[in-house]
Amino acid sequence: MNLDTLTRVSTDRYLDNDSVTVRMHAQAAELIPGATSRLHYLFKPWPIYAHSGQGCRLTDVDGDERIDCLSNMTALIHGHSDPQVNAAIIDQVQRGVSFSEPAQPEIALASLLIDRVPSVEQIHFRSSGTEAIMMAIKLARAFTGRTRIAKFEGAYHGYYDYVQMSFSSTPANWGDAQAPQSIPSSGGLAHSVGEEVLVMPFNDQSGVEQLLAKHGHAISALLFEPLSNRAGMALPAPGFLEFLYQITRKYGIVLIFDEVITFRLGEAGAQGRYGGKPDLTAFGKIIGGGLPIGAVGGRADILSLLNPASSGQRVISGGTYSGNPLSAAAGLATLKKLTPARYQHLEAMGKRMRDGLNQIFRRAGEKAQAAGDGSLFQIVPTDQIIENYRSVPQDAAAFEWLDRLHRALLAAGVIISHRGLSCVSTAMGEAEVDEVLDAFERVLTPGLTD
Ligand SMILES: Cc1ncc(COP(=O)(O)O)c(C=O)c1O
């Protein structure tokens, strides 16, 4: 990788000792542990700080503009400051940002999501994807009368205690491939969390069968993310989703799809694209149009546990901002703008990006690939087929390679996540995709940047 020649090019002022970034970072480091509350965004030596965004471009506080292939961690499917989304937000702001009382945007967003996603009969809004997952698990526990949950190794589902298991395990601690260890991926978890969470191997039917034969009758929920970015966006193997449906029927387990990121893959999200029949689906990100949101939707007989009029043990929920009209209005405008033509455009741009990147990796002799599907792409430092989390190198050299690539791309005018997660937005056309490809080419091909 030709990174050394790229240490200083134009879009790189945030590294200057007298930059606005350095001043802001020094102040932030005093006030906020790690200098930002978005710790997953943090990278060395310090992050760029956003000043403004327009379409697919983000300008940092030192005035450098880059193409944004991260778009608030994939939440901004139309890019920054989209005129229609802005108009919906401003319209709502003028009538009030939040109320104790329910308001029309919540109902309109519920109606649109229920229309688009066949598995969703009813929906309940929260304020983040994490909260949506938390509520989905709570509903599954109340519905089944069991407390344990199952999740796949490597899958990230937010920062609720019970899902902060085994999304960052390593060869040193992950144990048997068919019966992965439950390893805490955060401090501060109760010891009992490990006992409550069964970690399973993705795309491995016999591994899942064996684990559920042993534990299935104690499991309330099986949590599944269709294209898990920490697991290199491995596609579900043929038949795996039907298998998950059947095996969860066998043991009476609630099947939860985490579509917080993958809902951007189509009108009905990843379940519309790959199939699978979730009982519950967790949503977030794009359904809030860039404002905080989460939702859990699915079978009415499960969701009805939230209804104060329901008989039996109710699930108690609150949330000062749950279903708030501002997020709902922004989400509604965002989803309405996602017409079939725009989905097609996202498909074409995503494919152009992945194909172009894979050619560049091959030409440059890099053992890497652009994985993903639809509008999502993920840079993974392996040229091998990705089946699950263990196919993705988890060693220091792999992380160092990604860090260096990320750093060099910033200098070349492109933002991706420092762990490789990336996406296209409707604000990108062929010219912008080619600009990104050109930046990768310059970074990865010795000689071009001299
Ligand atoms: C797959 C997945 N699930 C859940 C979450 C949590 O969502 P939030 O960050 O809105 O709490 C995320 C966040 O990135 C995610 O990627």
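For the structure itself, consult the block above.
Not measured: the values here are computed from a predicted model. All residue numbers refer to positions counted from 1 along the written sequence of the respective chain. Whole-chain, interface and lining totals are the exception, using all residues; otherwise, since this is a predicted model, local features are given only for residues with pLDDT of at least 70 and side-chain atom pairs are given and counted only at 80 or more. Hydrogens are left out, water is left out, and the side-chain values use all remaining heavy atoms of the structure.

Trainee: Can you lay out the overall build of the chain for me, pointing to particular residues and giving the numbers?
Mentor: Comment: elements are numbered from the N terminus, with helices defined as DSSP H or I runs of at least four residues and strands as E runs of at least two. Counting its secondary structure elements, the chain contains 14 helices and 14 strands. Compactness check: the chain gives a C-alpha radius of gyration of 22 Å against a globular reference of 22 Å for 450 residues, within 12% of the reference. For the chain, the spread of C-alpha atoms along the principal axes amounts to about 70 × 55 × 45 Å. Type-normalised accessible area, obtained with a 1.4 Å probe on protein chains alone, sets the label of each residue: buried when under 20%, exposed when over 50%, and partly exposed for intermediate values. The burial tally for the chain puts 57% of its 450 residues in the buried class. Atoms considered for the radius of gyration are the C-alpha atoms alone. The globule rule reads 2.2 Å times the number of residues to the power 0.38.

Trainee: Could you give me a rundown of the sheet that holds strand 13 (residues 414-415), with the residues and numbers involved?
Mentor: Strand pairing within a sheet occurs via backbone hydrogen bonds; the two strands may be parallel or antiparallel. A pair of strands counts as paired when DSSP detects no fewer than two bridges linking them. In space, the 4 strands of this open sheet follow the order 1-2-3-13, with mixed pairing throughout. Looking along the sheet, the strands with just one partner apiece sit at the ends: strand 1 (50-54) and strand 13. Here strand 1 runs beside strand 2 (residues 57-60); their pairing, made up of 4 bridges, is antiparallel. When the bridges of strand 2 are listed, Ala50 appears paired with Asp60. Set on the sheet, helix 14 (residues 430-444) makes contact with strand 2, strand 3 (65-68) and strand 13; between it and strand 3 the angle comes to about 105°. Residue contacts follow a heavy-atom distance rule, with two residues in contact if any of their heavy atoms lie within 4.5 Å. The angle between two axes is taken between their N-to-C directions and runs from 0 to 180 degrees, where each axis is a line fitted to C-alpha atoms and a helix contributes only its stretch in contact.

Trainee: Which residues make up the site of the ligand, and what values go with them?
Mentor: The environment of the ligand is made up of Ser128, Gly129, Thr130, Tyr156, His157, Gly158, Glu225, Asp258, Val260, Ile261 and Lys285. Contact distances for the ligand include 2.8 Å between an oxygen atom and a backbone N or O atom of Gly129. In the analysis that follows, any N or O atom pair within 3.5 Å is treated as a polar contact, provided that within protein one partner can donate a hydrogen and the other can accept it, and provided that, for residues neighboring in sequence, both atoms belong to side chains. Between Lys285 and the ligand, the recorded distance is 2.9 Å, taken from a side-chain N or O atom to an oxygen atom. Protein chains bury 84% of the 390 Å² of accessible surface belonging to the ligand in isolation. A 1.4 Å probe that fits but cannot get out identifies a cavity on a 1 Å grid over protein atoms alone, an open set with protein on both sides within 12 Å along at least five of seven lines counts as a pocket, and a residue lines either if it has an atom within 4 Å of a point. Whether a molecule lies in a cavity or pocket depends on its atoms, and more than half of them have to be within 2 Å of the grid points. A majority-of-atoms criterion places the ligand in the largest pocket. In these notes, residues near a molecule or strand are those with any non-hydrogen atom within 4 Å of it. Under the convention used here, a 1.4 Å probe and the Shrake-Rupley method define accessible areas, while residue burial counts only the protein chains that appear.

Trainee: I'd like a description of the packing of aromatic side chains, backed by residues and values.
Mentor: Only centres within 6.5 Å qualify two rings of Phe, Tyr or Trp (six-membered ring in Trp) as a pair; their planes then separate them into stacked at under 30 degrees, edge-to-face at over 60, and tilted for everything else. Scanning the entire structure with this criterion turns up 14 aromatic pairs. Relative to Tyr389, the ring of Trp174 lies with its centre 5.9 Å away and its plane at 70°, an arrangement referred to as edge-to-face. Note that Trp174 is positioned in the loop between strand 5 (148-152) and helix 6 (191-196) and Tyr389 in the loop between strand 12 (376-380) and helix 13 (396-411), a separation of 215 residues in sequence. Look at Tyr389 and you get buried, because its relative accessible area is 1%. In this structure an aromatic cluster arises from ring pairing among Phe152, Phe202, Phe224, Phe240, Phe243 and Phe257. Placement of a positive charge over a ring is assigned whenever Lys NZ or Arg CZ falls within 6 Å of the ring centre and within 35 degrees of the normal to the ring plane. Across the ring face of Tyr245, the terminal group of Lys277 is positioned such that the distance to the ring centre comes to 4.2 Å.

Trainee: Any details on empty space enclosed by the protein? Residues and values, ideally.
Mentor: Grid points are joined across faces, edges and corners, and a volume is the space filled by probe spheres set on the points. Counted under the stated rule, the structure contains 1 cavity of 30 Å³ or more. Its boundaries defined by the atoms lining it, the largest cavity holds a volume of some 40 Å³. As for the largest cavity, its lining consists of Phe152, Glu153, Ala155, Phe202, Phe224, Glu225, Ser228 and Ala231. For the lining of the largest cavity, the per-class residue count stands at 5 nonpolar, 1 polar and 2 charged. Classes in brief: Ala, Val, Leu, Ile, Met, Phe, Trp, Tyr, Cys and Pro nonpolar; Asp, Glu, Lys and Arg charged; the others, Gly included, polar.

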